[in-house]
Amino acid sequence: MKNREKIYPARNLRRKLRGAAALLASALLFLSGCSSRISAPEEDDMRTPVDENLIVVGVSQLGSESVWRTANTASIQEVFTKEKGYFLIFDNARQKQENQIKALRSFISQEVDYIIFSPLMEEGWDTVLQEAKDAGIPVILIDRMVDVEDPSLYSTWIGSDFEKEGTEAGRILEKCLEGQGRQEEDINIVVLKGTEGSSPTIGRTEGFGQIVALHENWKILEQADGEFTTAKAREEMSRLLTKYEDIDVLISQNDDMTFGALDALRAAGRSPESGDDIIILSFDGTRKALELVESGVIYADLECNPQQGEYLEEVIQKLEAGQEIERIYYVPEKIFTRDNVSRYIEDRTY
Ligand code: GYE
């Protein structure tokens, strides 16, 4: 991004003032040391973002609904430490957009250097992001996207290509059915969708839908809202299993929902463990899911990489150095099938 100085003048002014404040603080400390016997506080007690010249980042995480999210939060918290020169203000919005908007407003009033946030859903951010822009605070989006009129309301976005994940799932299903000699058969599909209006739900649904449209014999019986959680998916899957007798394929838009769906399948007397009862495709690539790929319960798992902290830091370092950044960064991802999964399980930390 060019001309960042011009885009965010307030922020640069703030950094200068912060530098001046630090100088003033050390001058006062020096003077107090010369002129009085009252001892100065231990250096550690004086720590504030101002006098250490730390980069202050306000992070608004959307919730803690899934294993993926917990790993994503950990990856952010590992990176923004005092040792690395950051002061992190972290807020968990607990799946409520209004909480997220409140958190963003509080970051603005605290005059943070950067706002990082993972928006719960795509719509509804224009006003608060305009406020951040007016305050001269760069906004970095991670994981999910916003749908705003003015694209200059955020500096960059770091995340996954959700639509591609969806089309890949469709392609894997094609190959699977081909391998089973069922390419001409009628195939009944149910989809467990994530949070309504969120980028992964929109992208994965759209991408998979593109491949479905190529196959007249593939029928989506229903797309149910599983909210990315195990509990809601368990409930929805039980309902679907009562409603439809002949479900051949389950597309579950995250692993947590897959775990709930598996409970429901077992409770309904189906045998997902046999591997030939139902074809399950899942997203995220958590360790528990990879083990289920290895044992043949999940046919394939499309990785969604939660470890975005290092990319975030790279972007901030570039901005700090006045370098250009891209508008979009896709994180690297794999597809796990029974053929390759074993070598990845041991190193999985989440
Ligand atoms: O797939 C799901 C989480 O936004 C990519 O959100 C993320 C999704 C992830 O709850 O597990």
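> Tell me about the site of the ligand, and please be specific about residues and values.
Near the ligand you find 13 residues, and of these Glu65, Asp143, Arg144, Asn254 and Asp284 are the closest. Arginine 69 places a polar side-chain atom, nitrogen or oxygen, 3.0 Å from an oxygen atom of the ligand. Arginine 204 places a side-chain nitrogen or oxygen 3.0 Å from an oxygen atom of the ligand. Protein burial of the ligand: of its 300 Å² of free accessible surface, 100% is covered by the chains.

> Give me the environment of leucine 62: which residues, what numbers.
As for its position among the elements, leucine 62 is in the loop between strand E1 (55-61) and helix H4 (67-79). Residue leucine 62 is classed as buried on the basis of its relative accessible area of 0%. Once the C-alpha coordinates of leucine 62 and glutamine 95 are considered, the two residues, 33 residues apart in sequence, prove to be 5.5 Å apart. Ignoring any residue separated from it by four or fewer positions in sequence, one finds leucine 62 in contact with Arg69, Asn92, Ala93, Arg94, Gln95, Lys96, Gln100, Ser118, Pro119, Leu120, Asp143 and Arg144.

> Outline the pairing of strand E6 (residues 187-193), supporting the account with residue identities and numerical values.
Here E6 lies mainly inside the structure; six of its seven residues are buried. Both E6 and strand E7 (residues 218-225) contribute to a ladder of seven bridges, which runs parallel. Bridge assignment links isoleucine 187 to a residue of E7, and that residue is tryptophan 218. Sheet topology note: the E6/strand E8 (residues 249-252) ladder contains four bridges and is parallel. Residue pairing for E8: valine 190 is matched across the bridge by leucine 250.

> Explain the side chain of aspartate 256 to me, using residue names and the numbers behind them.
By the element assignment, aspartate 256 lies in helix H10 (residues 255-267). Nearest to the buried, unbridged aspartate 256 among oppositely charged side chains is lysine 288, at 7.7 Å. A distance of 3.2 Å separates a polar atom in the side chain of aspartate 256 from the backbone nitrogen of valine 67. Non-local contacts of aspartate 256, meaning those with residues more than four positions away in its chain, are made with Glu65, Ser66, Val67, Phe228, Thr229, Thr230 and Asp284.

> So, the packing of helix H5 (residues 97-109) against helix H6 (residues 126-134): which residues are in play, and what are the values?
Close contact between H5 and H6 brings their axes to 10 Å; oriented N to C, the two are set at 10°. With respect to their mutual orientation, H5 and H6 come out roughly parallel. Side by side, H5 and H6 meet where Ile101, Leu104, Arg105 and Ile108 of the first sit next to Thr127, Val128, Leu129, Glu131 and Ala132 of the second. Of the residues contributing to the contact of H5 with H6, the split by class is six nonpolar, one polar and two charged.

> Outline the confidence of the model for the protein, supporting the account with residue identities and numerical values.
When pLDDT is averaged along the protein, the result is 89; 85% of the residues meet or exceed 70. Long-range and interchain partners of residues 1-14, a stretch whose pLDDT sits below 50, account for 28 contacts in this model, where long-range means more than four residues apart.

Thresholds applied
Residues numbered from 1 in each chain as written. Predicted model: local features only at pLDDT ≥ 70, side-chain atom pairs only at ≥ 80, totals over all residues. Heavy atoms only, no water. Near = heavy atom within 4 Å. Polar contact = N/O pair within 3.5 Å; in protein donor to acceptor, adjacent residues only side chain to side chain. Areas by Shrake-Rupley, 256 points an atom, 1.4 Å probe, with all protein chains shown as cover. Helix = DSSP H or I, 4+ residues; strand = E, 2+ residues; numbered from the N terminus. Buried < 20%, exposed > 50% of the residue type's maximum accessible area, 1.4 Å probe, protein only. Contact = heavy atoms within 4.5 Å. Pairing = 2+ DSSP bridges. Lys, Arg positive; Asp, Glu negative; His and termini not counted. Salt bridge = Lys/Arg side-chain N within 4 Å of Asp/Glu carboxyl O. Axes fitted to C-alpha atoms, helices over the stretch in contact; angles between N-to-C directions. Parallel < 35°, antiparallel > 145°, perpendicular 65-115°, else oblique. Nonpolar A, V, L, I, M, F, W, Y, C, P; charged D, E, K, R; others polar. pLDDT = per-residue confidence, 0-100.

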